[in-house]
Amino acid sequence: MSPIDVILPILISSILVFGLSVVVNGLLPFYHVNDYRQLPNEEDWIELAKKLKAGQYRVGGALSKVDTKGVNGFVHVREKGGFTKHGNKMLFKSFVYNILVSAAMACVIAIAEPKKNAILRLTVFVTTGFYWFAEGWSVVWLAHELVPTLINGFDALMYGTITAFVFDFFLA
């Protein structure tokens, strides 16, 4: 298998996964709606966030210089301008990530040289792992809750399955 053989599966699977991701995350408002809880006194939090530069912040934890009474957490503040200003950048990064996952899958197939009937099984397993890998650190370090993690795992399985069928179609 040459690099030319995998360019089309990489691009097509990346486009399909990106399209499904846009539909699931953007057009189905109920799907990820409960991933995060609403903050109490949201207006106060918004006023505080307006005073911060864009970036990631932590509250409490082992390196805190004040006694937080056991409270700790993370906050991500985006630049002012809303989704329209930053959404295109986020969508572009998402598409690049899809290409990287598909390219990594192409490398795994090239190295493993699976039999024709094993490409589908191998690709579903490995690409689902690649897509869910991004969620794994969130569970450990950001203490994401179980239900959103499982929903994101289902997303990973959908994306991995799409990638698998594309690779199986072109390479089997």
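Since this is a predicted model, take the numbers as computed values, not measurements.

K.L.:
Run through the overall build of the protein chain, naming residues and quoting values.
P.N.:
Scanning the protein chain from terminus to terminus reveals 5 helices and 2 strands. Taking 172 residues into account, the globule formula puts the C-alpha radius of gyration at 16 Å, and the protein chain, at 20 Å, lies well above it. Over its C-alpha atoms, taken along the principal directions, the protein chain stretches across nearly 60 × 35 × 30 Å. Summarising the internal contacts of the protein chain: among those between residues at least 6 apart in sequence, 69% fall at separations of at least 24. Per element, the accessible surface of the protein chain, about 12100 Å² overall, is 69% carbon and sulfur.

K.L.:
Which residues make up the environment of Phe74, and what are the values?
P.N.:
When you line up the elements, Phe74 lands in strand E2 (residues 73-77). With 48 residues separating them along the chain, Phe74 and Leu122 place their C-alpha atoms 36 Å apart.

K.L.:
Just give me the short version of the packing of helix H1 (residues 3-27) against helix H5 (residues 146-171), but keep the residues and values in it.
P.N.:
Helix-helix packing is described using two parameters, namely the angle between the two axes and the distance between the axes. It is at 9 Å that the axes of H1 and H5 come closest, and there the two elements cross at 150°. It follows from the interaxial angle that H1 and H5 lie roughly antiparallel. H5 is crossed by H1, and the crossing has right-handed handedness. Residues of the contact of H1 with H5, tallied by class, amount to 16 nonpolar, 4 polar and 2 charged.

K.L.:
I'd love a proper account of the packing of aromatic side chains, names of residues and values included.
P.N.:
Summed over the entire model, instances satisfying the criterion amount to 2 aromatic pairs. Both rings, one in Phe18 and one in Phe95, keep their centres 5.6 Å apart while their planes meet at 80°; by these two values the pair is edge-to-face. On the criterion of sequence distance, the pair formed by Phe18 in helix H1 and Phe95 in helix H3 (residues 82-112) is long-range, its members being 77 residues apart. A relative accessible area of 22% means that Phe18 is categorised as partly exposed. When its relative accessible area of 22% is taken as the criterion, Phe95 is described as partly exposed. Ring plane angle 85° and centroid distance 5.1 Å describe the contact between Phe169 and Phe170, whose orientation is recorded as edge-to-face. You can call Phe170 partly exposed: its relative accessible area is 34%.

K.L.:
How would you sum up the pattern of salt bridges? Please name residues and give values.
P.N.:
All chains considered together, the criterion is met by 1 salt bridge. A salt bridge links Glu47 to Lys50; its shortest N-O distance comes to 3.1 Å. Here Lys50 and Glu47 lie together in helix H2 (residues 42-50), a separation of 3 residues that amounts to about one turn.

K.L.:
I'd like a description of unusual backbone geometry, backed by residues and values.
P.N.:
The backbone phi angle of Asn41 is positive, close to 50°, even though this residue is not glycine. Within the secondary structure, Asn41 is located in the loop between H1 and H2. On the basis of relative accessible area, Asn41 is assigned to the exposed category, the value being 52%.

K.L.:
How would you sum up a nonpolar patch on the surface? Please name residues and give values.
P.N.:
A contiguous nonpolar patch, built from Ile4, Ile7, Leu11 and Ile15 and spanning about 390 Å² of accessible area, is present on the exposed surface. Among the structural elements, Ile15 can be located in helix H1.

Rules used throughout
- Residues numbered from 1 in each chain as written.
- Predicted model: local features only at pLDDT ≥ 70, side-chain atom pairs only at ≥ 80, totals over all residues.
- Heavy atoms only, no water.
- Helix = DSSP H or I, 4+ residues; strand = E, 2+ residues; numbered from the N terminus.
- Rg over C-alpha atoms; globule rule 2.2 N^0.38 Å.
- Contact = heavy atoms within 4.5 Å.
- Areas by Shrake-Rupley, 256 points an atom, 1.4 Å probe, with all protein chains shown as cover.
- Axes fitted to C-alpha atoms, helices over the stretch in contact; angles between N-to-C directions.
- Parallel < 35°, antiparallel > 145°, perpendicular 65-115°, else oblique.
- Left-handed = near helix turned anticlockwise from the far one by under 90°.
- Nonpolar A, V, L, I, M, F, W, Y, C, P; charged D, E, K, R; others polar.
- Phe/Tyr/Trp six-rings, centres within 6.5 Å; stacked < 30°, edge-to-face > 60°.
- Buried < 20%, exposed > 50% of the residue type's maximum accessible area, 1.4 Å probe, protein only.
- Salt bridge = Lys/Arg side-chain N within 4 Å of Asp/Glu carboxyl O.
- Patch = residues over 30% accessible without salt bridge, like charges linked within 9 Å, V, L, I, M, F, W, Y side chains within 5 Å.

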